[in-house]
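# Overview (structure and organization)
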Amino acid sequence: SFSTFAAIALENSRLKDIEKYGNVETEMMKYVSESERSLTNTIPEKLRFQSEELKAKILTINVFSCDLLGIDHIRTVFYIFNRFKICDEFDINNEMLFKFVFELWKTYNDVPYHNWTHACDVLQYTAYELHIGELENVFTRLEIFALLVSAICHDANHNGYNNIYNVKSETPLGILFKGQSVMETHHVTITINILDKDELNLFHSLSKENVRKMWNIVIKLILSTDMSLHFNLVKNTSNLLDNNEFSFENEDHRQIGLDLLLKVADISNVSRPFEIADKWCTILQEEFFRQGDMEKENGIGLSSPMNDRENNDKPKSQIGFYNFICLPLYQVTARVFPKLQVNVEHVKENLEVWMKMVKQEE
Ligand code: AMP
Ligand code: CMP
Ligand code: MG
Ligand code: ZN
């Protein structure tokens, strides 16, 4: 209907951002001095964390990204790209990284959950996984670079509605990408559009062969975040492990390893301290309810009970999600990367809390 279309168009509008934040050049002047722009291996003074406390937390699970200031999200990107020596190795100067971050940030919409904060949250957790998993010895520099770029780009321009809704209510994206991973294909397209511009092209230093490799990994990674592929990935990986066939010598298996890390990061809210997990859940619910409101308004039927504002049991829905989706993924990931077993334990601890809440309700 027109009202659905108008609502989505309005929400996708970047006009308010452009009015509010000006252009990238003026924005960059505030944070990157002339002399710092061309540097690759030194973070601009104003883009360093101002508190040691925050810096020390960035490679841990104890971060609630919604508490970070806008500028701290940019600082997080700068810190992580430098921590994993991406800027140095791939000749990305401060100006290019800042412009890339700014242009990418603008593509994220002002929706409750699938916004820039979630993108930074997933990047942060990915860095945490690489760190505690000691995965710098497992993956190549190129693969780590691909994973970090994919993490920050993986939900670019999300409209706050899931694939089923986009197809069912015939949003332009739903019509265009019907029968494929609707939103994920869109996130990839947005990513390509950004990195295709010379001044934003983080891959500029790569050889032709490595550019091809890079895009293959990034495209597969972002597409693999489609939850409709979830059970296949978990099952496929379990089978390979059961048959002792999984091998880091195999390119496809390396890609599976990366896919698992990004997918774990994408639902990482469930493995953070309970208070943080609970806050994320409330935020996500708001987005689900918002979709449910539209479904009611348009008489197209609710996609799932989770979209119903009036009838919702938070702990019960979380128990289902933890048992059927999260634990199998976290467990198989820990079989591939044994140091990540701690995250399985965190998910189990949170599950216990949700279960206690249900018992108390009864
Ligand atoms: P680390 O792993 O903590 O030794 O630091 C890795 C990178 O962080 C180095 O490239 C430092 O230049 C950078 N760095 C050091 N202090 C800060 C800070 N306060 N905020 C952001 N980055 C920093
Ligand atoms: P997305 O970020 O696109 O990909 C992962 C999906 O998992 C996410 O959208 C949500 O639909 C879902 N998800 C993540 N966290 C939770 C949660 N705590 N409870 C229920 N669903 C979740
Ligand atoms: Mg997504
Ligand atoms: Zn996501």
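Relevant structure appears above.
Residues numbered from 1 in each chain as written. Chains lettered and ligands numbered in written order. Predicted model: local features only at pLDDT ≥ 70, side-chain atom pairs only at ≥ 80, totals over all residues. Heavy atoms only, no water.

## Details of the coordination of the zinc ion (ligand 4)
Each protein donor to the zinc ion (ligand 4) is listed here as H118 (NE2), H154 (NE2), D155 (OD) and D266 (OD); together their distances run 2.0 to 2.2 Å. Sequence positions of the residues that donate to the zinc ion (ligand 4) give the spacing H-x35-H-D-x110-D. Between the zinc ion (ligand 4) and the magnesium ion (ligand 3), the interatomic distance is 3.8 Å, and D155 donates to each metal, bridging them. Taken together, the residues span a long stretch of sequence, with H118 in helix α9 (residues 116–132) and H154 in the loop between α10 (141–153) and α11 (163–168) at a distance of 36 residues. Taking relative accessible area as the criterion, H154 reaches 0% and is therefore assigned buried. (Donors = N, O, S within 2.8 Å, 3.2 Å for Na, K, Ca; no water. Helix = DSSP H or I, 4+ residues; strand = E, 2+ residues; numbered from the N terminus. Buried < 20%, exposed > 50% of the residue type's maximum accessible area, 1.4 Å probe, protein only.)

## Focus: the site of ligand 1
Close to ligand 1 lie I43, R48, F49, E52, K55, Y79, N82 and R83, which account for all nearby residues. Taking F49, its main chain carries an N or O atom lying 2.6 Å from a nitrogen atom of ligand 1. In isolation ligand 1 exposes 500 Å². Once the protein is present, 67% of that is buried. Mapped onto the shell around ligand 1, the elements with two or more residues apiece are α5 (52–57) and α6 (70–83). (Near = heavy atom within 4 Å. Polar contact = N/O pair within 3.5 Å; in protein donor to acceptor, adjacent residues only side chain to side chain. Areas by Shrake-Rupley, 256 points an atom, 1.4 Å probe, with all protein chains shown as cover.)

## Focus: the site of ligand 2
Close to ligand 2 lie H114, H118, D155, M227, D266, I267, N269, V270, L284, F288, Q318 and F321, which account for all nearby residues. Contact distances for ligand 2 include 3.0 Å between an oxygen atom and a side-chain N or O atom of D266. Between N269 and ligand 2, the recorded distance is 3.0 Å, taken from a side-chain N or O atom to a nitrogen atom. Look at ligand 2: alone it shows 460 Å² of surface, and the protein chains cover 90% of it. Contributions of two or more residues to the shell around ligand 2 are made by α17 (274–297) and α18 (314–336). When the residues that make up the shell around ligand 2 are grouped by side-chain class, the tally is six nonpolar, four polar and two charged. (Nonpolar A, V, L, I, M, F, W, Y, C, P; charged D, E, K, R; others polar.)

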